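# Architecture and fold: a report
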Amino acid sequence: MHPRRSAQEVLLCDLCETVPLQSHCELCNINLCVNCAGKHVSDSSKRHNVVPFLHRKSTPNYPKCPKHADKHCEMYCEECDIPVCSTCVTSGKHKGHEISDILEKLSAKTECLQKDLKELETRIYPRYEEMVPNVETEKAEIETKYGKLTTDADEQGEILHREVTAIVNQRKSAIAEMKTKHLDALNKNTEEITQKMAELKQIMSDLKSILKSNDVSLTSTYKSRNSEFRTLPPKVRVTLPSFSAQKINKDQLNKMVGSVSSLSITKEQGDTMKSAEAVSSPPVKPLLDEPRVTATIHTGYDDLFSVSCLSEDQVWTCGQYNKTMKLLNLQSKLLTSIQTKSGDRPQDIAVTRDGDLVYTDDSNNTVNLIKNKQIQTVITLQGWEPLNVCCTAGNDLLVTMISDDDKQSKVVRYSGSTEKQSIQFDDQGRPLYSSGGYIFKYLSENKNLDICVADCDARAVVVVNQSGKLRFRYTGHPSNTEQSFTPHGITTDSQSHILTADCYNHRIHILDQDGQFLRYIHCDLEDPLRLCVDIRDNLFVAEWFAAKVKKIQYL
């Protein structure tokens, strides 16, 4: 041990070697006296971090140099991508190479490991977890579905009595065989997913061990496998066989018993998840200190009810008591108009990714698509009344709806006319959304695929993730001293901001994607009811009773 480090002597400054040390530079890993510390930090070429000696961090676990046994690698060759010691650097083998401090490299690598671990824990592994119960649910439904097929065959067999018994048994045998194949396919799918989940758990455990060890060798040799798991396992799609019953005819008994279609088991390509960076790295657009109105559109309605952007300078609008939907430009010029099929006013409007108009009609419980001025009813509800609608990045439709008895409400996702998802309850079985009272349940899909609902009656913005799990509720800014927060229109932008219209307080709330309040937009708004943003993040606000649309720049 160096005599200056012995327990019998005072510890001295590493630079002047005469004055007792008082500080420690964590970047350079040297001990300093007061005078030397002042000179040391004056070197602006590095970001020194000088702390009291007693508050210094533990000495890093520098790896031993594989070529010089008595040396530790305290530097890193960026070109060779390896740790190096001082002898390696002075030997000339790394001449002209960029040499960096190994602690800085450790910090960068550690950050990458932490990002990978976070993505695995919060995004990738949960998606695998979501797949398992979906397959298990389908397996649970097999008994019912195949039971119905068997019952159909039995009923037909009872009519044909003894003459058809053998044929009926053949059909039942075929059904049982297909059921077995169906279960085998789903069990295999479950095994594939479970195996991947086990690999993910091991990787996450290894990453935690690396991070905890602070071992540069392990950190520098780490290779990310996240891209391998972003492509989810293939999904099993089975075309369920059906039973076709025929009239009894002894001469054609075999045909009359009916036939069971073949079991079709296919695998669809699993979804490939975007990396966390791809999802969360749009061009940064800071909020303006003073948002400004750049255009005002006069719609000509008595009361303006909704607005949806077709482009930067064209918007679709509809009135509260008017069956006609209008396409207007920024100069308030009417470009085209179309009336609802029912002759009643639309409940809400939205524009699809293809530029077509969608509207909900609560008079006949339908959702309608307008393409080339032709109206096509794509969804007809039974027992439910459609409220508001939005179009997703995946070109699905999200529709809020309330039951005919006003006791239930939910959000349903449709692909065309096919229901893909229903969101109604939280993990404890409690309703996510209010029922009765206001029938407004405005909604929007965020860039992170969260589903954001402005629930007027609950006086809250309710945000769930893509799977329908509750993320948070926003009930207004705590400093609010005006009327109660009652959110109406809601929209999101490229920065994953959530904007909601606080109608009775005449302003817009801007939240981040996690529900944290950022600021208000005022702009002399009067009763802002509905919102939308265009592809350049210009905000369009529908003023309810003034029947005007204001275009606002806020980013």
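In short, a report on the structure. All residue numbers refer to position in the chain's written sequence, counted from 1. Local features in a predicted model are, by the rule used here, given only for residues with pLDDT of at least 70; side-chain atom pairs are given and counted only at 80 or more, and totals for whole chains, interfaces and linings are based on all residues. Only hydrogens and water are removed before side-chain values are computed, so all heavy atoms of the structure are retained for them.

Turning our attention to the state of the cysteines. Disulfides are defined as pairs of cysteine sulfur atoms found within 2.5 Å of each other. In total, this model carries zero disulfides according to the counting rule given. The closest cysteine sulfur to the non-disulfide-bonded C16 is located on C13, 3.8 Å from its own sulfur.

The pairing of strand β11 (residues 292-298) with strand β34 (residues 548-553) spans six bridges and is classified as antiparallel. Note on β34: the bridge partner recorded for R292 is Q553. In short, DSSP must find at least two bridges between two strands for them to pair. To qualify as a helix, a DSSP run of H or I must reach at least 4 residues; to qualify as a strand, a run of E must reach at least 2; elements of each kind are numbered from the N terminus. Sheet analysis places strand β33 (residues 539-543) next to β34, joined by five bridges and oriented antiparallel. Bridge assignment links A542 to a residue of β34, and that residue is V549. Counted along the chain from β33 to the antiparallel partner β34, the turn is four residues long, and its residue A547 has a positive phi close to 55 degrees.

So, on to unusual backbone geometry. Of note, the phi angle at D524 is positive, near 55 degrees, even though the residue is not glycine. The residue D524 is located in the loop between β31 (517-521) and β32 (528-533) in this model. Positive phi, close to 55 degrees, is recorded for A547, a residue that is not glycine.

The next thing to look at is the sheet that holds strand β28 (residues 487-492). In spatial order, the strands read β28-β29-β30-β31; together these four strands make up an open sheet with antiparallel pairing. Two strands close off the open sheet at either side, each with one partner strand: β28 and β31. Taking the axes of each pair of neighbouring strands and ignoring which way they run, one obtains an average angle of 25 degrees across the sheet. Two elements, strand β29 (residues 498-502) and strand β30 (residues 507-511), share five bridges in a ladder whose sense is antiparallel. For helices, the axis comes from a line fit to the C-alpha atoms of the stretch in contact; other axes are also lines fit to C-alpha atoms, and the angle between any two N-to-C directions lies between 0 and 180 degrees.

What follows deals with helix α1 (residues 34-41). Three exposure classes are used, based on accessible area relative to the maximum for each residue type with a 1.4 Å probe and protein chains only: buried under 20%, partly exposed in between, and exposed over 50%. All of the buried residues in α1 are C36, A37 and H40. In a view along the axis of α1, the buried residues occupy a sector of 105 degrees, so they form one face of it. What points out from α1, more than 90 degrees from its buried face, is the exposed set V34, N35 and K39. Directions are taken from the helix axis to each C-beta atom, and the arc is the one they span.

On to the environment of I490, then. With respect to the secondary-structure elements, I490 resides in strand β28. The exposure class assigned to I490 is buried, which follows from its relative accessible area of 5%. Distance in space between the C-alpha atoms of I490 and E192 is 40 Å, their sequence separation being 298 residues. The criterion used for residue contact is that any of the two residues' heavy atoms lie within 4.5 Å. Residues contacting I490, with those up to four places away along its chain left out, are Y442, L443, S444, C452, V453, A454, V461, I498, L499, T500 and L531.

The subject of this paragraph is the sheet that holds strand β4 (residues 75-77). Strand order in the open sheet made by the three strands is β5-β4-β6, with antiparallel pairing throughout. Only two strands of the sheet have a single neighbouring strand rather than two, namely β5 (82-84) and β6 (99-101). Shown here is a sheet whose adjacent strand axes are inclined to one another by a mean of 40 degrees, direction ignored. As paired strands, β4 and β6 are joined by three bridges and run antiparallel to one another. Among the inter-strand pairings, Y76 is bridged to a residue of β6, identified as S100.

Points on a 1 Å grid over protein atoms alone make up a cavity when a 1.4 Å probe fits among them but cannot get out, and a pocket when they form an open set with protein on both sides within 12 Å along at least five of seven lines; lining residues each have an atom within 4 Å of a point. Grid points are joined across faces, edges and corners, and a volume is the space filled by probe spheres set on the points. Per the stated rule, a full pass over the model turns up one cavity of 30 Å³ or more. Empty space within the largest cavity amounts to approximately 30 Å³. In this structure, the largest cavity is lined by Y76, K105, L106, K109, V216, T219 and S220. Going through the elements one at a time, α3 (102-160) and α5 (216-221) are the ones with two or more residues in the lining of the largest cavity.

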